[in-house]
Amino acid sequence: MNNSIKSLLAVLFGLIAGAILMLVTGHNPIEGYMYLIQGGLKNPERIGNTLATATPLVLTGLSVAFAFRTGLFNIGAAGQMLFGGFCATAIGLSLDLPRGILLPLMILIGFVGGALWAVIPGFLKAKYNVHEVVSTIMMNWVAYWTVYYVVPAYFKGASLETESRQLPPDAMLHQQWLSDLFQGSYVNLGFFIAIIAVLIVAFIINKTTLGYELKAVGFNRHAAEYAGIAVQRSIVLSMFISGGIAGLAGVAQYTGNASSIQIGILPTQGFDGIAVSLLGANTPLGVFASALFFGLLYSGRGFMNAMTEIPPEIADSIIAIIIYFAATSILIERLIHKLKVRRIANKKQGEQDHVDNA
Amino acid sequence: MWTTLEQIFPYAIVFTIPLLITALGALFSERSGVTNIGLDGLMIVGSFIGAFVVSKLQEHYAGSWWVLWVGLLAAAVAGALFSLLHAFASINLSANQIISGTAINMIAGALTIFLARNMTGSGNIRVKQGFAPFDFPILSKIPIIGDLFFTKVYASTLLVLAILLFSAWLLYKTPFGLRLRSCGEHPHAAEAAGVHVRSMRYFGVITSGAFSGLGGATILLTYSGEFTGNVAGLGFLALASLIFGQWKPLGILLATFFFGFASTIANVSQVIPSLAVFPPVILKIFPYVVTLIALVIFSKSSNAPKAVGEPFDSGKR
């Protein structure tokens, strides 16, 4: 069955489940969805905010999808994003450079930070066959606690214990003309980073030898090895790129959408990236579309919460339910298959009857 | 040093227990052949239902001792029911178990806060009273051991230790345990020997759900006292303990205690001068780094169930 139909069905079921949740808790789902969509798209400012909310999701989704295509399950996008964002923030807070040099440097360091965080599991996988799911989860928590203690120790804010100092304006991805274009929205250069990343990844996966080799390793490690592909190097390289993209998500989140890094939170975008990737059928364009959709849910929920009594976590619930339906899409496939078989049988039966009557 | 140890030991045990019961549940699941990385979500469900049931009951029966046990039971049942989602996806539908487990984590995290906010507004649910620690009669008088293990004991701790003993017996000393473990090692051979692999895997996953729910509620009723929408990633730490304990009951006990002890030291190191020499960041990341190292060391001779994570297809032999 077509992947996009599967994804759309999963979304449909997720939205229905969300409506049921709203009904059960005594709210009006039609009203809820109306305000949810209005909250995300009502005016240019809200559209800009939706794009900004979607930016880290595009990048984490891309990170997970890239690893997926090469046969690796990068469940540690959260930690890579956190660490990449932390590295970029640290650079932004420490160095006093002109904006034209500082921003590219922060983006680069953010990429490298996330990439290094993913290279460790990649190396352990390639060299010792340690399952990357477990090692990336461990790395998530190492990142969590590292940031938890290092930020207050070296980059503590003036008043708040739980976040770093505010970044100076020159070290942030905000761009005045962009904010003006979207009438004061906090959409920023991060969105362009996301678009460029989508294009580059699409190019690497579909048009280059490197992408072909990485995919070959993903399909069948042993066959790839037999064909002369350096499998171990491919695994490490794949995790490097995947982690780097997740690191960019951290740059977009902590130096674009926010102006400081918070401690004590693993960014939810990391796990949402798995949902984004799954819903987007692991293709760059699919990832982009599903990230925009999730971005809409997340950015509209505040308005919905303000206009109705529905708690904002409805958006998270819907996304979580969508990923469950996407994971169990085989159930839908089986149902459709059964219906088809029955229809064909009916048809034959009908023809038989027709012949008999004649 | 000794008084310090004496002071923190009871806390280390309290912190170990939720990890222990959750990792023990995961042992059932993985031994039967199903990876369950949804432990964290299942713990959250247990914590939520436990908080809901206990806080509601305490409105009417304040101070009654049985309320807490009803809360534990409800949490275990809720965890078991919730784990059915994972069991159905990974056993009947042969879905990717990692994705399904991730979905469990996400659904649990979002849904419980959504429901809690409908009830309390803030999304936090407080229970008025949890288990009260007591000194174990007679045994607490034994020198050294009494001070370390039998003072400030919680009733839930004893329950979990009893479950540990029972589980070890069930898994390793009964035909049922042998059958369950065979489903995780070589499901086709098990099936040929007449074992119903799918039922066994259902049993494994549901047990894991029930134990995780119990673990989440234990956190609530011993040291936290409040449902806040997460369990601070303890589900993942339980998963780490399972691996570090090399999929064995005794190994899990040692691993969880080790992690519980390390976490306690990290938590109290700032107030106890003799421990302040360790930077807390080292103590906090310690369990995860140790697990990574253990994975490397055991990579050649891992005791992981051989068929864990693989969907069972009866026709594929």
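Our subject is the structure listed above.
Every value quoted in this text rests on a predicted model; they were computed, and no experiment measured them. Every chain is numbered independently, its residues counted from 1 as its sequence is written. The naming scheme follows written order: chains are lettered A onward, ligands numbered 1 onward. Two thresholds apply to this predicted model, a pLDDT of at least 70 for residue-level local features and 80 or more for giving and counting side-chain atom pairs, whereas whole-chain, interface and lining totals are computed over all residues. Each side-chain value is worked out from all heavy atoms of the structure, with water and hydrogens disregarded.

Details of the overall build of chain B
- Secondary structure elements follow DSSP: runs of H or I no shorter than four residues count as helices, runs of E no shorter than two count as strands, and numbering proceeds from the N terminus. Along the backbone of chain B there are twelve helices and two strands.
- Principal-axis analysis of the C-alpha atoms places the extent of chain B at approximately 60 × 45 × 40 Å.
- In this analysis, two residues are considered to be in contact whenever any of their non-hydrogen atoms come within 4.5 Å of each other. Long-range pairs, those at least 24 residues apart, make up 77% of the contacts in chain B between residues at least 6 apart in sequence.
- For chain B, the exposed surface amounts to about 12800 Å²; the carbon and sulfur share of it is 69%.
- Only four residue types enter the charge count: Lys and Arg as positive, Asp and Glu as negative, with His and the chain ends excluded. Where a charge sits is defined by one atom per residue type, namely NZ (Lys), CZ (Arg), CG (Asp) or CD (Glu). Positive and negative side-chain charges of chain B, numbering 18 and 11 respectively, have mean locations separated by a distance of 4 Å. Per-residue and other accessible areas were derived by the Shrake-Rupley procedure at a 1.4 Å probe size, with only the shown protein chains allowed to occlude residues.

A look at the overall build of chain A
- Along chain A, the regular secondary structure elements total 15 helices and zero strands.
- The globule rule puts the C-alpha radius of gyration for 358 residues at 21 Å, and the 23 Å found for chain A is close to it.
- Seen through its C-alpha atoms, chain A measures out along the principal axes to roughly 90 × 60 × 35 Å.
- Accessibility here uses a 1.4 Å probe with only protein chains present; expressed as a share of the type maximum, an area under 20% marks a residue as buried, one over 50% as exposed, and anything in between as partly exposed. Evaluated residue by residue, chain A yields a buried proportion of 56% over its 358 residues. Radius of gyration means the value over C-alpha atoms here, while the globule rule gives 2.2 Å times the residue count to the 0.38 power.

Some points on the interface of chain B and chain A
- Listed by partner, the interface residues are 40 residues for chain B and 42 residues for chain A.
- Summed over the three residues of chain B that lose the most area to chain A, namely B:Leu93, B:Met106 and B:Phe114, the buried surface amounts to 18% of that side.
- In the sections that follow, a salt bridge refers to a side-chain nitrogen of Lys or Arg positioned within 4 Å of a carboxyl oxygen of Asp or Glu. Inspection of the chain B/chain A interface yields one salt bridge.
- With its nearest N and O atoms 2.7 Å apart, the salt bridge here joins B:Arg117 to A:Glu313.
- Whenever a nitrogen or oxygen atom comes within 3.5 Å of another N or O atom, the pair is scored as a polar contact, on the condition that within protein one atom can donate a hydrogen and the other can accept it, and that pairs from neighbouring residues in sequence are kept only if both atoms are in side chains. Where chain B meets chain A, there are four residue pairs in polar contact (both at pLDDT 80 or more).
- Elements with a minimum of two residues in the side of chain B that touches chain A: helix H3 (66–92), helix H4 (97–120), helix H10 (234–244) and helix H12 (280–297) of chain B.
- Broken down by element, the residue count for the side of chain B that touches chain A peaks at 14 residues, all from H4(B).
- In this count, Pro and Cys sit with the nonpolar residues alongside Ala, Val, Leu, Ile, Met, Phe, Trp and Tyr, while Asp, Glu, Lys and Arg are called charged and the others, Gly among them, polar. In terms of residue class, the side of chain B that touches chain A is made up of 29 nonpolar, nine polar and two charged. The term buried area refers to how much accessible surface (probe radius 1.4 Å) is lost by two components on association, counted for both of them together.

Details of the packing of aromatic side chains
- The criterion for an aromatic pair is that two Phe, Tyr or Trp rings (for Trp, the six-membered ring) have centres within 6.5 Å, with stacked assigned to planes under 30 degrees apart, edge-to-face to planes over 60 apart and tilted to the rest. Going through the model one piece at a time under the given rule, you end up with 38 aromatic pairs over all chains.
- Ring centres 5.8 Å apart and planes at 45° place the aromatic pair A:Phe293 and A:Phe294 in the tilted group.
- A residue is classified by how much of its surface remains accessible, and A:Phe294, at 0% relative accessible area, is buried.
- A connected cluster of aromatic rings, assembled from ring pairs, spans A:Trp141, A:Tyr144, A:Trp145, A:Tyr148, A:Tyr149, A:Phe271, B:Phe236 and B:Tyr288.

Observations concerning the pattern of salt bridges
- Counted according to the given criterion, the structure contains eight salt bridges over all chains.
- One salt bridge in this structure joins A:Arg233 and A:Glu213, with 3.8 Å as the shortest N-O distance. You can see A:Arg233 sitting in helix H11 (residues 231–257) and its partner A:Glu213 sitting in helix H9 (residues 209–219), a full 20 residues away along the chain.
- Take A:Glu213: its relative accessible area is 22%, and that puts it in the partly exposed class.
- A salt bridge links A:Arg301 to A:Asp316; the shortest N-O distance between them is 2.6 Å. Taken as a pair, A:Arg301 in helix H13 (residues 284–307) and A:Asp316 in helix H14 (residues 314–327) lie far apart in primary sequence, 15 residues in all.
- Connected through salt bridges with shared partners, the residues B:Arg31, B:Glu185 and B:Lys306 form a single ionic network.

So, the layout of surface pockets
- Only protein atoms enter the calculation, which uses a 1 Å grid: trapped sets of points that fit a 1.4 Å probe without letting it out are cavities, open sets showing protein on both sides within 12 Å along at least five of seven lines are pockets, and any residue with an atom within 4 Å of a point is a lining residue. Grid points are joined across faces, edges and corners, and a volume is the space filled by probe spheres set on the points. Counted as a void, the largest pocket has a volume near 1400 Å³.
- In terms of lining residues, the largest pocket is bounded by 41 residues, among which A:Lys125, A:His131, A:Glu132, B:Val308 and B:Gly309 are the most central.
- Looking at the lining of the largest pocket, the elements with two or more residues in it are helix H5 (99–128), helix H6 (132–154) and H9 of chain A together with H4, H10 and H12 of chain B.
- Residue composition of the lining of the largest pocket, grouped by class: 23 nonpolar, twelve polar and six charged.
- Sorting elements by how many residues they give to the lining of the second largest pocket places H4(B) first, with five residues.
- Split by residue class, the lining of the second largest pocket holds 21 nonpolar, 14 polar and five charged.

Considering the packing of helix H3 (residues 44–69) of chain A against helix H8 (residues 190–207) of chain A
Residues and elements named next belong to chain A.
- At a closest axis distance of 9 Å, the pairing of H3 and H8 adopts a crossing angle of 20°. In terms of orientation, H3 lies roughly parallel with respect to H8. Here H3 and H8 pass one another in a crossing that is left-handed. Within the contact between the two elements, H3 uses Leu51, Thr55, Val58, Leu59, Leu62, Phe66 and Arg69 and H8 uses Gly190, Phe191, Ala194, Ala197, Val198, Val201, Ile204, Ile205 and Asn206.
- Its residues assigned to classes, the contact of H3 with H8 comprises twelve nonpolar, three polar and one charged. In this description, a line fitted to the C-alpha atoms serves as the axis of each element, helices being fitted only across the stretch in contact, and the angle between N-to-C directions of two axes falls anywhere from 0 to 180 degrees. If an angle is under 35 degrees, it is roughly parallel; if it is over 145, roughly antiparallel; if it lies from 65 to 115, roughly perpendicular; otherwise it is oblique. Helix crossings get a hand from a simple test, with the near helix turned counterclockwise from the far one by less than a right angle marking a left-handed crossing and a clockwise turn marking a right-handed one.

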